[in-house]
Amino acid sequence: MAEEQVLYEGKIPFKVFHFSHGILWLLLIGWNVGIIWSWIESLGWNLKITSTRVVVLRGIVSRNQEQVEYYRVFDSKFEQSFVQRVFHVGTITLFSDDTTAPQLTFPIMNPLEMKEKIQSHVLQQRKNMRTIQMD
């Protein structure tokens with residue numbers, strides 16, 4: 001079996017959180033509060049995307065880890081508003097048959113590119129594990 005390759009590891013950048021909320025959210029709570037909120041939120045998220053799984057670690061005081069193995073993923077999508085497109089940020093959602101994380105959503109830079117990388121590894125892992133989907 002091939003060794004796991006890391007595609008991305010680290011904290012999610014501040015601008016990803018800041019522009020993932022949308023302009024209406026920032027206008028409603030105020031630009032300065034929005035900046036502070038986004039900065040605090042960015043401190044608490046760690047993301048690891050590898051060739052076999054995605055691991056999201058959230059929290060500053062208390063921690064919550066969610067992990068999805070690619071062979072369990074059956075669908076994915078990305079969302080990106082106009083403002084997010086300008087700043088190259090967006091959100092990826094993975095849908096899986098994992099009981100603890102049936103839907104794993106995380107913000108990221110260049111979401112379409114990363115979604116395509118993840119999807120290619122999903123297909124490879126499903127093929128390697130000989131996984132089939134039954135409805």
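Preceding this section is the structure that the text describes.
In this report, the structure presented in the accompanying data block is examined.

We now examine the overall build of the protein. Helix and strand counts for the protein come out as five helices and seven strands. Seen in sequence order, the protein has helices and strands lined up from the N terminus as β-α-α-α-β-β-β-β-α-β-β-α. Every one of the 135 residues in the protein was classed for burial, and the buried ones make up 36%. Within the protein, residue pairs in contact and separated by at least 24 positions form 48% of the contacts whose partners lie at least 6 positions apart. When the accessible surface of the protein is totalled, it reaches about 8300 Å², and 57% of it is carbon and sulfur.

Turning our attention to the pairing of strand β2 (residues 45-50). Examined bridge by bridge, strand β1 (residues 6-11) and β2 share five bridges and lie antiparallel to one another. From the neighbouring strand, E9 faces β2, where its bridge partner is K48. Alignment of β2 against strand β3 (residues 53-58), held across five bridges, turns out to be antiparallel. Counterpart to I49 in the pairing with β3 is V54.

Now for the side chain of K115. Tracing the sequence through the fold places K115 in helix α5 (residues 111-128). Exposure remark for K115: the relative accessible area of 14% places this residue in the buried category.

On to the pairing of strand β4 (residues 64-69). Of the pairings in the sheet, the one linking β3 to β4 comprises six bridges and is antiparallel in character. Note on β4: the bridge partner recorded for R58 is N64. Counting the residues in the hairpin turn of β3 and β4 gives five residues, including G59, whose phi is positive at 120 degrees.

A word on the side chain of S76. Checked against the element boundaries, S76 lands in strand β5 (residues 73-79). One polar contact links S76 to Q119, side chain to side chain, over a distance of 2.7 Å.

This part takes up unusual backbone geometry. Of note in this structure, H88 is not a glycine but carries a positive phi near 60 degrees. For H88, a relative accessible area of 47% translates into the label partly exposed. One non-glycine residue with positive phi stands out, namely N110, at about 50 degrees. Relative to the helices and strands, N110 is located in the loop between β7 (103-109) and α5.

Definitions and limits used
- Residues numbered from 1 in each chain as written.
- Predicted model: local features only at pLDDT ≥ 70, side-chain atom pairs only at ≥ 80, totals over all residues.
- Heavy atoms only, no water.
- Helix = DSSP H or I, 4+ residues; strand = E, 2+ residues; numbered from the N terminus.
- Buried < 20%, exposed > 50% of the residue type's maximum accessible area, 1.4 Å probe, protein only.
- Contact = heavy atoms within 4.5 Å.
- Areas by Shrake-Rupley, 256 points an atom, 1.4 Å probe, with all protein chains shown as cover.
- Pairing = 2+ DSSP bridges.
- Polar contact = N/O pair within 3.5 Å; in protein donor to acceptor, adjacent residues only side chain to side chain.

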